[in-house]
Amino acid sequence: MTDQPLVPDTKAAPSRLRRALDSDLFYAFRRSPVAMISSAVAVGLILMAVFAPFFAVTNPFDPASLNLMNGFTPPMEPNAFTGETFFMGTDDQGRDVYSTILYGMRISLFVGFSAVLFAVVLGIILGLLAGYYGGWADSFIMRAADVQLTFPAILVAMLIFGIAKGITPVEHRDQMAIWVLILAIGLSDWVQFARVVRGATLVEKNKDYVSAARLIGRGSSLIMIRHILPNILSPVLVIATISLALAIIAEATLSFLGVGAPPTQPSLGTLIRVGQGYLFSGEWWILFFPACTLLALALSVNLLGDWLRDALNPRLK
Amino acid sequence: MKKTSTILAIAALMSSTAVVNAETLRWARAGDALTLDPHAQNEGPTHTVRHQMYEPLIIRDVTGAFVPTLATDWAPDPENPNVWVFNLREGVKFHDGADFTAEDVVFSFERAKQPNSDMKELINSIVEVRAVGDYQVELETNGPNPILPSNLTNLFMMDKGWSEANDTVNVQDFEGGEITYATTNVNGTGAYRLVSREPDVKTVMVRNEEYWGRDEFPLEVSEIIYTPIQNAATRVAALLSGEVNFLQDMPVQDLARVDSADGLMVKQAPQNRVIFFGMNQGADDLEADNVDGKNPLADVRVRKAMSMAINRDAIRQVVMRGQSQPAGMIAPPFVNGWTADMDGESSTDVEAAKAMMAEAGYGDGFSIRLDCPNDRYINDEAICQAAVGMLGQIGITVNLDAIPKAQHFPKITEGKTDFYMLGWGVPTYDSEYIFNFLVHGRESDIGTWNGTGFDNDDLDAKIESLASNTDLDARNADIASIWRVVQDEQLYIPIHHQVLNWGMSDNVGTEVDAEDQPRVKYFTMK
């Protein structure tokens, strides 16, 4: 027999999971029905989008698999020509609305996450630089941020999208559209991260641990990344969560306006744009289901962000 | 007390005159006129707006019959078969008060023959236009041209003096992006004057009280407010809410909804317009495809396979909701030269199409960009999207680029697209018009809308001879033989003939015109 204990040694350092489960955050989470429901919805939708090929009935992005005759089939009713039945009906091109939503959500989420990540990275870098160094770097970065704040974010995104579309060759436009969207939304969103990071950095950089680090001769970039950054991450995390919801909606808005994802690879916004044309003629499902999905996705992420803000900063309650 | 009653009387008087005279036609459609220059673009909606303010020598009524307009009568010269004599209407004034005379007609024809003119194909048989006195002109052609009057129904007359004074003697270079005084200003003889114009936003016109036909036509509309609304749902919402009372480009999905609404109706007629795809077969290599050093569209088997992949019945049933007639040739049934046999030659057979692709060496397919307008034809973008799916089934990956017509059309006329959608209406009701614009090899004054790169000298000679062929039987035989080549070469992929729907409020009275050209002077307002 070895001396391995049969029960885990409770005196040893608790595992990461244990620590997470014991944390205040998880306690607050378990006590908040809103947080639990919204995270369940968000995680459910994200999983369905990520594993869309398993959940979807057809692949709506494969034009060869579509049958136009299936077009405009109402939900749960057999099509008049082909006799096929679709759980959420079909759109004008005969695409199964349910499958198209799953694939469309993939694009919406991918664009949302990537755009926020881009904005976070850019905002943190610029905010740290502005807050830590101060002086002309601070003035320059923050005035640029002020200028950008005078324009509505969606306008900035449209401007960036328009310029990028103009300079990309037409053959690559469809493939590039997604990346251009990410760039456009990300660039229109970095300011709030930069401002928060700068503010927090201004406070942190005068604390003793920063002075201590400086004293032992650590470089500025190392101090910013290893010492200051971990201490200012929680407000960034909160804004990022709320920004995610906003980025998803921004993507939907751009696509709704026809400047986002191409119609052959629809995102939720493109689907809503298509469906909007058939609202008067009674084909409500083309608009209704994608709109509900967008609502559920944006609302759940948003509520989660709100809860996270409250939980991390009880003073705001 | 007395003062009050006077005010009331004035108010009553004003309101009663308002009821009698002020009838505003609030008119919406998908797109705007591309320009107001009378000769710069030969395009339906552009002509439609011009027709309210400018006039040609002759127009057609809703049945397609000629109606004397600025010319009162016309006939071939009995002594010289190459000459047509037109007698002009006397006492006609332009909007600025200048008299309309033969000099203006000569000027307008010469202007329309300029290189930048988009009307030159229609009158390229004319060698000279002579004024005989103030109210007669002679049009001399390079041979007898029996159908010349058919080509003049969209050829608008301008005032020579006004054009010279405003530096618009030359036709605007539309493709080059030029803007001239005539692009946004009008001095015509028509029943309506231009009040204001904001391109793509709003154009306002008022009744011309000095119009020569003031007593001949109903002219019950005193003001026209023309607003392009690209979005189909918004367009219908505008009609349903009463914001507009006349709607062209009715979305087919909303016909029933509008027709059943109180106070609204839909009028329908088959349209003189065919929708089709063009393919660049002339280039050695295409810009828009992924095949290097070769042009897949140059192979007639590929073009035939693409046509066979298109399921026209499905497009009719689903995209057009029955509001179209599948086409096998690019001529509407109104046109001399159209035959039911040729119009039935399109068939759908995906397996055979795949086999032909394999035979042509493209069994694995290729990818290509399709250029498509999104504010011109009924459900244009949806048709293109459907074609993307259908061509995908024979291995052709299509990247769709749907853009407004103002950017789309120059791509065709400048040869910057390899695969495109186009619609064609035939105001002359004769195949020669189609051949001149779409089949004849592209030259400076002919074949300008032929984006296929197809150029066959023998066929071109035959097309050119049509204008002066007075033996109608022989001419029709030539037309049939030219069509045979167009069909066998699969020069274009015909999709369908449009059915026209106009939505309007009950008090607007008009018949539907097969050319989709409403002329407001005929409108009644109950």
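Residues numbered from 1 in each chain as written. Chains lettered and ligands numbered in written order. Predicted model: local features only at pLDDT ≥ 70, side-chain atom pairs only at ≥ 80, totals over all residues.

Q: What is the right way to read the overall build of chain A from this model?
A: Check the secondary structure of chain A and you find 13 helices and 0 strands. Overall, chain A is about 80 × 65 × 40 Å in size when its C-alpha atoms are taken along their principal axes. Looking at the 317 residues of chain A, the share that counts as buried comes to 44%. Taking the intrachain contacts of chain A between residues at least 6 apart in sequence as the baseline, contacts between residues at least 24 apart amount to 67%. (Helix = DSSP H or I, 4+ residues; strand = E, 2+ residues; numbered from the N terminus. Buried ≥ 20, exposed ≤ 12 C-beta atoms within 10 Å, placed from the backbone. Contact = placed C-beta atoms within 7 Å.)

Q: Sorry, what's going on with the overall build of chain B here?
A: Counting secondary structure elements, chain B contains 16 helices and 19 strands. Scaling as 2.2 N^0.38, a compact globule of 526 residues should have a C-alpha radius of gyration of about 24 Å, and chain B matches this with 24 Å. With the principal axes as the frame, chain B shows a C-alpha extent of 95 × 60 × 40 Å. The proportion of buried residues among the 526 residues of chain B is 53%. (Rg over C-alpha atoms; globule rule 2.2 N^0.38 Å.)

Q: What is the right way to look at the domain arrangement of chain B in this model?
A: Quite often, the size of an interface is put as the accessible area lost when its parts meet. All names here are of chain B. Here chain B is partitioned into domain 1 (3-245 + 507-525) and domain 2 (271-498). One C-alpha centre belongs to domain 1, the other to domain 2, and the line joining them spans 31 Å. With 27 residues of domain 1 at the contact, the number on the domain 2 side is 26 residues. (Domains from an automatic or database assignment.)

Q: Would you mind going over the interface of chain B and chain A with me for this structure?
A: At the junction of the two partners, chain B supplies 24 residues and chain A supplies 24 residues. Of all elements in the fold, only α6 (232-240), α9 (312-319), α12 (380-392) and β15 (396-403) of chain B reach the threshold of two or more residues within the side of chain B that touches chain A. It is α12(B) that contributes the most residues to the side of chain B that touches chain A, 6 residues altogether. Looking at side-chain class alone, the side of chain B that touches chain A contains 12 nonpolar, 8 polar and 4 charged residues. (Nonpolar A, V, L, I, M, F, W, Y, C, P; charged D, E, K, R; others polar.)

Q: Just checking my understanding: could you explain the nonpolar core for this structure?
A: Generally speaking, nonpolar side chains in soluble globular proteins are found buried as a group. In this structure, B:Ala387 and B:Ile434 are the most contacted members of the largest nonpolar core, which totals 151 residues. Each of domain 1 (3-245 + 507-525) and domain 2 (271-498) of chain B gives at least three residues to this core. Contact partners of B:Ala387, with chain neighbours within four places excluded, come to B:Ile310, B:Leu370 and B:Val398. Residues A:Leu181, A:Ile272, A:Tyr278 and A:Leu308 belong to the second largest nonpolar core, which totals 81 residues. (Core = buried A, V, L, I, M, F, W, Y, C linked by C-beta atoms within 7 Å.)

Q: Would you mind showing me how to read the packing of helix α11 (residues 220-256) of chain A against helix α13 (residues 285-312) of chain A here?
A: For any two helices packed against each other, one specifies the crossing angle of their axes together with the interaxial distance. All names here are of chain A. Interaxial distance between α11 and α13 falls to 9 Å at its minimum, and their mutual angle equals 165°. The angle between α11 and α13 places the two elements in the roughly antiparallel class. For the element pair α11 and α13, the recorded crossing hand is left-handed. Touching Ser-234, Leu-237, Val-238, Thr-241, Ile-242, Leu-244, Ala-245, Ile-248, Ile-249 and Ala-252 of α11 are Leu-294, Leu-297, Ala-298, Val-301, Asn-302, Leu-304, Gly-305, Leu-308, Arg-309 and Leu-312, all from α13. (Axes fitted to C-alpha atoms, helices over the stretch in contact; angles between N-to-C directions. Parallel < 35°, antiparallel > 145°, perpendicular 65-115°, else oblique. Left-handed = near helix turned anticlockwise from the far one by under 90°.)

Q: Is there a simple way to explain the pairing of strand β10 (residues 223-228) of chain B in this structure?
A: For a regular strand, side chains alternate in direction, first toward one face of the sheet and then toward the other. Residues and elements named next belong to chain B. The alternating pattern of β10 places Ile-224, Tyr-226 and Pro-228 on a buried face and Glu-223, Ile-225 and Thr-227 on a face that is not buried. Across 6 bridges, the pairing between strand β1 (residues 24-29) and β10 is parallel. Counterpart to Arg-29 in the pairing with β10 is Pro-228. Where strand β9 (residues 202-207) lies against β10, 4 bridges are found, and the strand directions are antiparallel. In the sheet register, Val-206 faces β10, and the bridge partner there is Glu-223. (Pairing = 2+ DSSP bridges.)

Q: Looking at this model, I keep getting lost on the sheet that holds strand β5 (residues 83-88) of chain B. Mind explaining?
A: All names here are of chain B. Ordered in space as β4-β5-β7-β6, the 4 strands form an open sheet in which the pairing is antiparallel. Lying at the two open borders of the sheet, with one neighbouring strand each, are β4 (71-76) and β6 (126-131). The mean inter-strand angle of the sheet, taken between neighbouring strand axes irrespective of direction, is 20°. Judged from the 5 bridges that link them, β5 and strand β7 (residues 136-141) form a sheet pairing that is antiparallel. Paired with Trp-84 across the strands is Leu-139, a residue of β7.

Q: In this structure, what is going on with the confidence of the model for chain A? I would like to understand it.
A: Any region with low pLDDT has predicted coordinates that should not be read closely. Considering every residue of chain A, the mean pLDDT works out to 86; 93% of them sit at 70 or more. Element-level mean pLDDT values for chain A span from 80 in helix α1 (residues 16-22) of chain A up to 94 in helix α5 (residues 97-133) of chain A. (pLDDT = per-residue confidence, 0-100.)

Q: Just to check I follow, could you spell out the environment of B:Tyr420 for this structure?
A: Residue and element names in this part refer to chain B. Within the fold, Tyr-420 resides in strand β16 (residues 419-424). What makes Tyr-420 buried here is the crowd of 25 C-beta atoms within 10 Å. Along the backbone, Tyr-420 and Gly-278 are 142 residues apart, and their C-alpha atoms lie at a distance of 5.3 Å. Not counting residues within four places of it along the chain, the set of residues in contact with Tyr-420 comprises Phe-277, Gly-278, Asp-371, Lys-411, Ile-412 and Gly-451.

Q: I'm lost on the pairing of strand β14 (residues 366-373) of chain B in this one. Help?
A: Residues and elements named next belong to chain B. Taking burial as the measure, the 8 residues of β14 include 6 buried ones, the bulk of the element. Across 8 bridges, the pairing between β14 and β15 is parallel. The residue bridging Ser-367 from the neighbouring strand is Thr-397, located in β15. One crossover worth recording links β14 to the parallel β15 by way of α12, and it is right-handed. (Right-handed = clockwise from strand over helix to strand, strands pointing away.)

Q: For this particular structure, what's the right way to read the packing of α5(A) against α11(A)?
A: All names here are of chain A. One can describe the packing of α5 onto α11 by two numbers: an axis separation of 7 Å at closest approach and a directional angle of 145°. Read as a crossing pair, α5 and α11 show a hand that is right-handed. Touching Ser-108, Val-111, Gly-112, Phe-113, Ala-115, Val-116, Ala-119, Val-120, Ile-124, Leu-128 and Tyr-132 of α5 are Ser-220, Met-224, Ile-228, Leu-229, Val-236, Ala-240, Ser-243, Leu-244, Ala-247, Ile-248, Glu-251 and Ala-252, all from α11. Classifying every residue of the contact of α5 with α11 by side-chain character gives 18 nonpolar, 4 polar and 1 charged.

Q: How do you make sense of unusual backbone geometry when you look at a structure like this?
A: Trans peptide bonds make up most of the peptide bonds, and negative phi angles are found at most residues other than glycine. Even without glycine at this site, B:Tyr429 takes up a positive phi of about 60°. Tracing the backbone through its elements, the reader meets B:Tyr429 in the loop between β16 and α14 (431-439).

Q: I keep staring at the environment of B:Gln41 and nothing clicks. Help me out?
A: All names here are of chain B. By the element assignment, Gln-41 lies in the loop between β1 and α2 (44-53). Classification of Gln-41 as buried rests on a count of 26 C-beta atoms within 10 Å. Linking Gln-41 and Leu-459, residues 418 residues apart in sequence, is a C-alpha distance of 26 Å. Gln-41 has contacts with Leu-34, Thr-35, Thr-46, Asp-118 and Phe-174, leaving out every residue within four places of it along the chain.

Q: I keep staring at the confidence of the model for chain B and nothing clicks. Help me out?
A: Residue and element names in this part refer to chain B. On average, residues of chain B score 91 in pLDDT, and 96% of them are at 70 or above. Every residue in residues 12-20 scores below 50 in pLDDT, and together they form 0 contacts with partners more than four places removed in sequence or on other chains. Interface confidence for the predicted complex, expressed as ipTM, amounts to 0.74; the pTM equals 0.82.

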